[in-house]
Amino acid sequence: MALKQQVLNEIKRLTEKLQTEQLPDGSWDYPFETGIKTDSYMIILLRMLEFDDEELIKNLVWRILSKQEVDGSWKLFYDEKTGNLTTTIEAIYALRYSGYVSNEDYRMEEAKRFILKNGGLENSQMFTQILLSLGGQINWPNQFPIPVKAVLLPNKFPINFYDISVFGRANIAPILILSDAKFSMKTDQSPDLSDLFAERALNNLKIRQPAEFRSLLDYIKKGVDSLVGLKEDIHEKALKQLENYIINRIEPDGTFCSYFSATFLMIFALMARGKSKADQIIVRAVNGLKSMICEIDGHHHCQYTTANVWNTTLISYVLQEAGVSKNTNTIQKANQYLLSRQHHKYGDWYIHNRHAKPGGWGFSNINTINPDVDDTTAALRAIRRQSVQDNRYRNVWNRGIQWVMSMQNDDGGWPAFERNIDNPLLTILPGGEDLLLDESSTDLTGRTIEFLGNYTNLNKSNPNIKKGIKWLWKNQEEDGSWNSRWGICYIYGTWAALTGMRAAGVEAEHPSIQKAVSWLYKIQNEDGGWGESCNSDIMEEYVPLGLSTLTHTAWALDALIAVSDKITPQIQKGINFLCENADTNNWRTSYPMGQGASGLFYIHYHSYNYIWPLLAYSHFIHKYYKH
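What this report covers is the structure whose coordinates are included nearby. Because the structure is predicted, anything quoted here is derived from the model rather than measured. (Residues numbered from 1 in each chain as written. Predicted model: local features only at pLDDT ≥ 70, side-chain atom pairs only at ≥ 80, totals over all residues. Heavy atoms only, no water.)

## Some words on the overall build of the chain
Each helix and strand in the chain was counted, giving 24 helices and 7 strands. Taken along its principal axes, the extent of the C-alpha atoms in the chain is 70 × 60 × 50 Å. Surface summary for the chain: the accessible area is close to 24200 Å², and the carbon and sulfur share equals 48%. In the chain, 64 side chains carry a positive charge and 71 a negative one; their mean positions are 5 Å apart. (Helix = DSSP H or I, 4+ residues; strand = E, 2+ residues; numbered from the N terminus. Areas by Shrake-Rupley, 256 points an atom, 1.4 Å probe, with all protein chains shown as cover. Lys, Arg positive; Asp, Glu negative; His and termini not counted. Charge placed at Lys NZ, Arg CZ, Asp CG, Glu CD.)

So, in C-alpha cells, the structure goes:
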C-alpha cells in the first residue's frame, strides 16, 4: 500500500477512535498513570484515618502486587537499572498495613530482602521518611532543618517562602506544620516495620546536609532571629500563616491544589492543628482523592491528579489538524468544555506577576486557581478557529494570550506556573530544581513560541519571541539536543525547540537546527523509530531506551517534518514504523512519557499513543501531499 494511503488510513482510524471515546461533557478522561506510589499512600491514608473502604483497599493491593518484580522490588519504569528502594518501601508499608498480605508471604519476604540489601528504611528518600514519621515508624528529628518561622521572612529577603514554586509550596507548607508538631499516628492495625532497618534500630528522619546546605540554613536562621522584635508570638503566627495558606487553596472538590501528595500531607497537617478526622474538611479531602480514582486493566489506580483539561486541549487541536471541522459536534462540545475551564480567579502566579489578569487554564478538571502556560497555549490552539468568528471565543482568546505573554521570564524563556522562580539558592535544599524551582524550560519555551508563531498575528520580530529564541539557542546541548522539564526527555525538548524555532521564522539551514537534526538522525533506531529511557532524566544526559515507542517516534517525526522541505529517508522510515506498529500493546506502549519529579514518579499518559502519532501523520500529509 502506498505510504500516503497508509497514513490516511491511520488518520481515519485514530480520528474515529478519539471521537468515539469523548465523554458527554465534551472532555476526554484518559488516565494519568503514575506507578504505584499514590496507590500505596491511599491504603496508608485510609488505614491511618480508620476509614473503612475494604473493596478499594483490596483492589489497590491487587494492583500493587501485580506490579512487583521477580526480585521482590517495585520499579518506577521498565528499564530502571535496579528496583526502586523508596517505591518498594512504600509498597511493603501499604501491603502490611492493608492486612490482606501476610508478612510470611513469599512476595513480602522477597521485598524485605531487597530493602535490606539496599540499605533499609534509613536509606530511603526524604519524602518516604516523612511518610514513615507520620506513621510512627521513625522519629521526627528534634529540630527540623528548616524552622517553621522561616515562612515569615519578607519577600525582599534573599530566600523566602514565595521563592519556592507553587508545586513545592503545596507540599512544603504541610510538612513544616507536621515537623513542628512532630505529628504521628498509630492505629491498632499499624504494621511494625522495625525489621526493615538495616541496622535494626529505630531511627530518626535524616535529611542529608552538605556543607553548603548547612550554610544556607544558618543564613535562614539568622533572618528568622531578626524577626524576634515582633510583639506577637511569631511561632504561632507562622503556623497560622501556613494553615491559612493551605485552607485558602483548597479546591471545590476538597483537594489541596488538586495534587494527591499535597492533599495527603494537608490532611495530617490540619489534624496537627487540631482538626479531628471526622471534620468535614478532612472527609471532603479524602473524598476528593477518591474521586480521582480510575480503572486500568481491571484495577483501581489513584491518579496524582486528573488530566481531563490537558487531554481535551490536545485532542481537540489534533482532531482539527487531522481535518475534523470546528463545526462538528465533537469539536463544539470539546471547546465548550474548555471555555468552562478557563480560570477567573487570581492564584499564586499573581505574586510575581502583578500586572496580569486571570486567563489561563489548569491541567485538571478540578483545578481553578493554578493555571499553567502549557495548558493555556494548548487550549488556545484548540479554540483558535472559533475565536476568529465568535465573540465569546474571541474574549476568551484575548484573555488567554495576555496571560501567556505576561508569564515570560526575565531570561526570555517560559516557566510552567510562575514567573522568575529560579533562585539558585534553592538548588541547595532537598528537592532541588524539580520540586522547588519553576525555571524556564525548553518544552514550555519551545511550545509557547510555536503557538505564538503559528497561531497568532504576532510579527516574527516581536521582542518576546526573539528573546525566547535566544533562550533556546543559549540552552542547546553540545550534541545538538535540548533537555526538557515535563517530558521524557531530550527527544521531547528537541521537538519543542525545533517546532518553535521554525514557527518563529528561523531558517531550516540555521546551524542550531541543523545540529539538532543531525542528533535526531543519529539516535534513530534501526526499525525507523525513536525511543528514550527515563534514565535520561536521572542521568541528565540522553539514554536510549533500546527500542522504539510510538510517542517518541511521533515527536521526532513532527520535529523533522517541521524543518524538512521533502520526505527524507529518516522521515519515511519513521512513518513506516508508526504505521506498522499502530496496534502494538506491550510495555513500550505503557512506558512513561512524562516526568513529575525526577527519581520520584513518572507519568504514562494513556492518550499519548493516539494524540502524537495523529499530529505527526496530519502534518506529514499537509506538508508533503497538499499543495
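Back to the text.
## Regarding helix α19 (residues 490–503)
Helical geometry note: an α-helix holds 3.6 residues per turn, so side chains three or four residues apart project in the same direction. Taking 1.5 Å of rise per residue, 14 residues should cover 20 Å, and α19 covers 20 Å from first to last C-alpha, within 8% of that figure. Of all 14 residues in α19, 13 are buried, a share of seventy percent or more. (Expected span 1.5 Å × (residues − 1). Buried < 20%, exposed > 50% of the residue type's maximum accessible area, 1.4 Å probe, protein only.)

## Section: unusual backbone geometry
With an omega of -25 degrees, the peptide bond running from I488 to C489 counts as cis. Looking at where C489 falls in the secondary structure, it is placed in the loop between α18 (463–474) and α19. Phi at E540 is positive, roughly 60 degrees, even though this residue is not glycine.

## Digging into the side chain of Q137
With respect to the secondary-structure elements, Q137 resides in the loop between α6 (126–134) and α7 (166–181). Among the polar contacts listed, one links the side chain of Q137 to the backbone nitrogen of L193, at a separation of 3.2 Å. (Polar contact = N/O pair within 3.5 Å; in protein donor to acceptor, adjacent residues only side chain to side chain.)

## As for the sheet that holds strand β7 (residues 601–605)
If you walk across this open sheet you meet the 3 strands as β1-β7-β6, and the pairing is antiparallel. Looking along the sheet, the strands with just one partner apiece sit at the ends: β1 (32–33) and β6 (594–597). (Pairing = 2+ DSSP bridges.)

## A short note on the packing of aromatic side chains
Taken as a whole, this structure holds 39 aromatic pairs when the rule is applied. Pairing W495 with W612 gives two aromatic rings, centres 5.2 Å apart and planes at 70 degrees, and the pair type is edge-to-face. You can see W495 sitting in helix α19 and its partner W612 sitting in helix α24 (residues 608–624), a full 117 residues away along the chain. Pair check on accessibility: W495 and W612 agree, each one buried. Put simply, the rings of F32, W310, F363, Y492, W495, W555, Y605, Y608 and W612 pair up and form one aromatic cluster. (Phe/Tyr/Trp six-rings, centres within 6.5 Å; stacked < 30°, edge-to-face > 60°.)

## Topic: the environment of K357
Structurally, K357 is set in the loop between α13 (329–341) and α14 (373–387). In sequence terms K357 and K345 are 12 residues apart; their C-alpha atoms lie 8.7 Å from each other. Non-local contacts of K357, meaning those with residues more than four positions away in its chain, are made with Y346, W349 and W403. (Contact = heavy atoms within 4.5 Å.)

## A word on the nonpolar core
Membership of the largest hydrophobic core comes to 206 residues, with the highest contact counts inside it found for I267 and F268. Those residues in contact with I267, other than ones at most four positions away along the chain, are L45, L49, I282, A285, V286 and L289. (Core = buried A, V, L, I, M, F, W, Y, C linked by side-chain atoms within 4.5 Å.)

## A closer look at the side chain of S316
By the secondary structure assignment, S316 is in helix α12 (residues 308–321). The buried category is assigned to S316, whose relative accessible area is 0%. Of the polar contacts made by the side chain of S316, one reaches the side chain of N335; its length is 2.8 Å. Not counting residues up to four positions away in its chain, the partners in contact with S316 are W28, I331, A334, N335 and A382.

## Considering the packing of α6 against helix α10 (residues 260–272)
Axis separation between α6 and α10 bottoms out at 12 Å; the angle between their running directions is 35 degrees. Viewed along their axes, α6 and α10 form a crossing whose handedness is left-handed. Contact residues: I130, L131 and L134 in α6; F264, L265 and F268 in α10. Classifying every residue of the contact of α6 with α10 by side-chain character gives 6 nonpolar, no polar and no charged. (Axes fitted to C-alpha atoms, helices over the stretch in contact; angles between N-to-C directions. Left-handed = near helix turned anticlockwise from the far one by under 90°. Nonpolar A, V, L, I, M, F, W, Y, C, P; charged D, E, K, R; others polar.)

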